Each structure stands twice: as C-alpha cells, then as structure tokens.
Amino acid sequence: MTRRLTRLTGLAFAVTILVSEVLKGDSPSPTGPVSEIVSFFADHRSTILAGAYVQMLALFLLALFFATLSEVMPGSTIAGRLARLGLVLTLTAYTTYVFLTASLAFGAATDATPETAKSLWEIRFVSETFVYFPVALLIGSVALAVRPGLTRPWYRWGSLATAALFLVGGAALARNGFFAPDGGYGIILFWLLPVWVAVTGFVATPRLVPSSPERATG
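Residue positions are counted from 1 within each chain, in the order its sequence is given. Thresholds applied to this predicted model are a pLDDT of at least 70 for local features of residues and 80 or more for the giving and counting of side-chain atom pairs; totals over whole chains, interfaces and linings are not thresholded and use all residues. No hydrogens and no water enter the side-chain calculation; it runs on all heavy atoms of the structure.

**Topic: the packing of aromatic side chains**
Then step 1. Each aromatic pair joins two rings of Phe, Tyr and Trp (for Trp, the six-membered one) with centres within 6.5 Å, and gets the label stacked for planes under 30 degrees apart, edge-to-face for over 60, and tilted for any other angle. Tallied over the full model, the rule gives 14 aromatic pairs.
Then step 2. Ring geometry for F40 against F41: centres 5.1 Å apart, planes inclined by 75°, an arrangement best described as edge-to-face.
Then step 3. Judged by its relative accessible area of 8%, F40 falls in the buried class.
Then step 4. Plain terms: the ring middles of F178 and Y185 are 5.9 Å apart, the flat faces sit at 70° to each other, and that makes the pair edge-to-face.
Then step 5. Judged by relative accessible area, which is 43%, F178 ranks as partly exposed.
Then step 6. Linked through ring pairs, F40, F41, W121 and F125 together constitute an aromatic cluster.
Then step 7. When the ring centre of F125 is taken as origin, the NZ or CZ atom of R124, which lies over that ring, is 4.7 Å away. Each residue is assigned to one of three classes by its accessible area relative to the maximum for its type, calculated with a 1.4 Å probe on protein chains only: buried under 20%, partly exposed between the two thresholds, exposed over 50%. The rule is short: NZ of Lys or CZ of Arg within 6 Å of the ring centre and within 35 degrees of the ring normal puts a charge over the ring.

**With respect to empty space enclosed by the protein**
One way to see where empty space is left: roll a probe the size of a water molecule over the atoms.
Then step 1. Each cavity reported here is a set of points on a 1 Å grid over the protein atoms alone in which a 1.4 Å probe fits but cannot get out, each pocket an open set with protein on both sides within 12 Å along at least five of seven lines, and each lining residue one with an atom within 4 Å of a point. Grid points are joined across faces, edges and corners, and a volume is the space filled by probe spheres set on the points. Tallied over the entire structure, the rule returns one cavity of 30 Å³ or more.
Then step 2. Estimates place the volume of the largest cavity at around 100 Å³.
Then step 3. If you trace the largest cavity, you find it lined by I17, Y94, Y97, E128, V131, Y132, V135, F166, L189, F190, L193 and P194.
Then step 4. Runs of E in the DSSP output that reach at least two residues are strands. Runs of H or I that reach at least four are helices, and both are numbered from the N terminus. If you list the elements that add at least two residues to the lining of the largest cavity, you get helix 4 (78-111), helix 6 (132-145) and helix 8 (184-203).
Then step 5. Tallying contributions element by element places helix 8 first for the lining of the largest cavity, with four residues.
Then step 6. Just so you know the grouping, Ala, Val, Leu, Ile, Met, Phe, Trp, Tyr, Cys and Pro go in nonpolar, Asp, Glu, Lys and Arg go in charged, and all remaining residues, Gly too, go in polar. For the lining of the largest cavity, the per-class residue count stands at eleven nonpolar, no polar and one charged.

**Quick word on a nonpolar patch on the surface**
Then step 1. Residues enter patches when their relative accessible area tops 30% and they take part in no salt bridge; the joining distance is 9 Å for like charges and 5 Å for the nonpolar side chains Val, Leu, Ile, Met, Phe, Trp and Tyr. Computed with a 1.4 Å probe, the accessible areas rest on the Shrake-Rupley method; for each residue, only the protein chains presented here act as cover. Take a side-chain nitrogen of Lys or Arg and a carboxyl oxygen of Asp or Glu: if they are within 4 Å of each other, that pair is a salt bridge. On the surface, V126, F130, F133, L167 and L173 cluster together into a nonpolar patch covering about 430 Å² of accessible area.
Then step 2. With respect to the element layout, L173 can be found in the loop between helix 7 (153-169) and helix 8.

Here it is, written out as structure tokens:
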C-alpha cells in the first residue's frame, strides 16, 4: 500500500506542477518592460491566483511523498537527516516564491507604482532561483540516504548529477540569456524536479517479494 501511495503521490506532484503552470500562463521577463509585467497581473489575476493555490497543493504532495519514503530512507544516518532538512528548506523556499507571485496577482502589482511592481517581480525570480540550493541538498541527500540494494546504481549517480545541476542553477542570475532566472537553464531545472520525484517514486520503493511455498506452509 505504501509503495503504491509513493508512486501515485510522485506522479500527482508532477501533474499538479504542470496544471499550476498552465493556469499561471507565460510569465513576462523580470527585465522586460514594466507595462508587460503590470498588465500580466492585471489581465490574469484569477488564473495566477488559482495557479498559486495548485502549487501549494503540490508542496503538500511533495511532503506526503517523502513521508512515504521514510521506510527506505533511515533518518538515523547523516544523509537521512540532511534529506529531511533539505525537504523543510525546499518547502520554505518554494512557499516564499509562490507567496510573492500570489501577492503581486492579488493587488501588489496594480496598487503599487509600476517600478515597485517590477522590483517585486525581480525579487520573485531571484527567490525562485535560490530554491535550487535546498533542492540540490534534498536530491543529493536522498540519493545517499536510500538503503543500498533498493535502487540501481544509475539512480544514485543520476540523482547526484541532478543535484549538481541544481547547485549550478543557484548561480543562474544573468540579466538575460540562457542563465538568466527566466532563461532556458531555469526552465529545465523547474521541470527537472517533478520528473526526478516521479522517477524516484518508481525506483526508490522496495519491490514486493512473494513468499515461497515453504515459508507459506510453515
């Protein structure tokens, strides 16, 4: 039952992230014209707030997902403790950037001066970029915390490589281009997290081993 819940929760997390992005729509660049930023929040207020709500539901699913992994990820080890710390920091950082998006949609973007709205939008993108640091800690720790023998070597090394990509992503603060907060590298990392969660749900869960006839009969 726990194995099935882990897989369903991982997939549900990926789906809710997708739904939240569809609701929010294509975000304007934080370095773009002020008028585009303000009009984005003025014209799409309801869908942006709905997307923020769904993103918070995704965080609930993420917490539930790692709760179901506790039996394969002992908390007594250093890696297990770091994984739990990484989860708390990821949830906190993720909530911060969703909060900023929702606040701008609620009225901060239209009630404040255009320059203030643009500044808040830039802060939102920087806060989203800094989410990558705790995510790197979370993924790297989980890769080392999962009990040996439950996963294949490619998962451990792939997770460590993924953590390294997120660690590099924390420095993606160019004003424009591929390494800008809204650039291609950030987009890849945004979708890499739900993909990794979904894969982990299928790979890092113990397989059911049927009992032999000798054991069943005593």
